Protein chains: 2
Amino acid sequence: MLGEFELIARYFAPLAADAPGAFGLTDDGAVLAGDGGPARVITLDTLLAGTHYLPQDPADLVARKALRVNLSDLAAMGARPEGYLLSLALAPEVPESWVDGFARGLSADQAHYGVALLGGDTTRTSGPTAISVTAIGTADAVLRRSGARVGDRVYVSGTIGDAALGLAVARGVAGDAGDPDSRALAARYRLPQPRVALGAALCERGLASAAIDISDGLIADLGHICRQSGVAADLALPRIPLSTAVQRRVEMDAAHLRTALTGGDDYELVFTAPPENADALAALARDLDLPLTGIGEVVPGGEVILRDPEGRPMTFDHAGWTHF
Amino acid sequence: MLGEFELIARYFAPLAADAPGAFGLTDDGAVLAGDGGPARVITLDTLLAGTHYLPQDPADLVARKALRVNLSDLAAMGARPEGYLLSLALAPEVPESWVDGFARGLSADQAHYGVALLGGDTTRTSGPTAISVTAIGTADAVLRRSGARVGDRVYVSGTIGDAALGLAVARGVAGDAGDPDSRALAARYRLPQPRVALGAALCERGLASAAIDISDGLIADLGHICRQSGVAADLALPRIPLSTAVQRRVEMDAAHLRTALTGGDDYELVFTAPPENADALAALARDLDLPLTGIGEVVPGGEVILRDPEGRPMTFDHAGWTHF
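In this text the structure is predicted, and so the values were computed from the model without any measurement. (Residues numbered from 1 in each chain as written. Chains lettered and ligands numbered in written order. Predicted model: local features only at pLDDT ≥ 70, side-chain atom pairs only at ≥ 80, totals over all residues. Heavy atoms only, no water.)

In this assembly, 60 residues from chain B lie in contact with 60 residues from chain A. Summed over the three residues of chain B that lose the most area to chain A, namely Leu15, Leu44 and Glu96 of chain B, the buried surface amounts to 14% of that side. Viewed at the interface, chain A and chain B are joined by two salt bridges. When the shortest N-O distance is used, the salt bridge between Glu96 of chain A and Arg10 of chain B registers 2.7 Å. At the surface where chain B touches chain A, the tally comes to 14 residue pairs in polar contact (both at pLDDT 80 or more). Counting residues per element, the side of chain B that touches chain A draws most heavily on strand β4 (residues 116-124) of chain B, which supplies nine residues. When the residues that make up the side of chain B that touches chain A are grouped by side-chain class, the tally is 35 nonpolar, 16 polar and nine charged. (Contact = heavy atoms within 4.5 Å. Buried area = accessible area lost by both parts, 1.4 Å probe. Salt bridge = Lys/Arg side-chain N within 4 Å of Asp/Glu carboxyl O. Polar contact = N/O pair within 3.5 Å; in protein donor to acceptor, adjacent residues only side chain to side chain. Helix = DSSP H or I, 4+ residues; strand = E, 2+ residues; numbered from the N terminus. Nonpolar A, V, L, I, M, F, W, Y, C, P; charged D, E, K, R; others polar.)

Structure, rendered in structure tokens:
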């Protein structure tokens, strides 16, 4: 059986060929044809118990994660969220108290992000609980994955790898789960912080040439920008922002570095911008109190190159990072 | 555990309180705030293998059903469909050939209904295959469930009960599956005919006061109109349109009548209209080559009353229809 991206390319992208706003299914969301006003951006993602969250995760956090990963898709396109639809298929063992907690989580995030529930459905399933969310937002002009140009710089928001190591902690494969570092990492996995204000500001201030949210890992998601833009990204490992908690884990075991750079669920934005926007981006970082770190340059080619402190390109196999 | 409607009322309707276009989650879809142009209507429904379709159903028909039940929700609000998003969570045993057939089914219906795929995602699940579709349409003014007024007439499109008896046939509990009647009924279950042109025309010609699509059965869905409108519906059993295939099944076993009237998946529209619109509705039925049958009147009260040929109110328990 083909993987997700091959299935989409072979069977579903042709179904989107006639819809200009579907962008060939290559972006984080679709744009509905406008009526002169701002564009409407729409996205649909499903979370499955056991696959996208742990069944024992608190219901309110699961709800907020389901909403937030969709808000992150809107953020990647520079859209401000306005509402969402929810389709909830509940596993047989899920009690009403879980639904209560789930709804309380949604309520908290609705207040935080200024969105409301618009519709959807509730069903029972014999399988794992499935949570589908459609989020809708507006943008005057959307950010795409295809706009990166040679000479642009590559930026990333926040820090990278916390969620992937947090998942490892939650699974008991990355050390003691009780220390403060571990709790902080696990919290980043359980509850993403979608960069809604950043995405909207990048769009409204016209600062970024391309953007994507990091759901499948920095290297893989930046690879999507490279493929869609027909460019390569040349990154310097020492410039990639790691939290102190991740740094300490990497010092304990270098294999954690691969997890941090290729693991998913960061929900930071990685974006490209022309060098003349550096000062404006520094000002934006101050406005948002959010680090925006330049980690490399856009160069000719087609892939993501990561260089070690000596400037040598690195690659990795399933065992971890190695040199060419 | 509460049922679907109680869960929605208790936990999810409060989350929609601040969104006027969510209508308190009482309608078939939500309306996005417009920018002066036509309203955008949006709906999200999930189909689960084993619950909403039979795992052995052909993949192309499953795909078309998943799309069509959402187009039916748009039709109930009078919206013309423009596109859809698809979230597909595939069970482990699903082969690539199934995805191929699924995509071919979507392609056929895209051409038929003039819609395109806009986005979504594809994942694997350890449980039954789950198919979530978000459909988007436009309407100058939407049909609601709350507009029925005392004195209006109750109409239904097409015939009622074919899909419910078709499901019974497919499950082997309603006689021989090989005769032409049975094949016709099973086809109605497997592939709904959403009344897209009817819904749009009712809306554009201003003929209906309230509408809903019949997914949970004529009596239950008309009950939603009654509750939302604060009225009762007084129906005459002999006026309810039944196909000859359903009539023959009912003659064989009167218990099939309950199945026909309370079973789901008809995806016809039941709607109310002032009596002065009767001629215009007759003209519309001719235009669409689709029967629109008056089955009763809107009266004061709060429920659906069904009268036998002698005018006596009928009710039913789990064993079937009985008289008061």
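Residue and element names in this part refer to chain A. Split into domains, chain A comes out as domain 1 (4-139) and domain 2 (153-323). Between the C-alpha centres of domain 1 and domain 2 the distance comes to 23 Å. Contacts between domain 1 and domain 2 engage 23 residues on the former and 22 residues on the latter. Together, the buried faces of domain 1 and domain 2 total about 2000 Å²; carbon and sulfur atoms form 59% of this surface. Considering only the side of domain 1, the residues that lose the most area to domain 2 are Lys65, Arg68 and Arg80, jointly responsible for 24% of the buried surface there. At the boundary of domain 1 with domain 2, the tally comes to two salt bridges. One salt bridge connects Arg80 with Glu204, and the closest N-O pair in it is separated by 2.9 Å. Our enumeration of links across domain 1 and domain 2 arrives at five residue pairs in polar contact (both at pLDDT 80 or more). Here the side of domain 1 that touches domain 2 gets 10 residues from one element, more than from any other, and that element is helix α2 (residues 59-76). (Domains from an automatic or database assignment.)

With that settled, consider the pairing of strand β6 (residues 153-157) of chain B. Residue and element names in this part refer to chain B. Buried residues dominate β6, accounting for four of its five residues. Where β6 and strand β9 (residues 269-273) come together, four bridges link them in antiparallel fashion. Looking across to β9, one finds that Val154 is bridged to Thr272. Both β6 and strand β10 (residues 292-299) contribute to a ladder of five bridges, which runs antiparallel. For Ser157, the partnering residue across the bridge sits in β10 and is Leu292. (Buried < 20%, exposed > 50% of the residue type's maximum accessible area, 1.4 Å probe, protein only. Pairing = 2+ DSSP bridges.)

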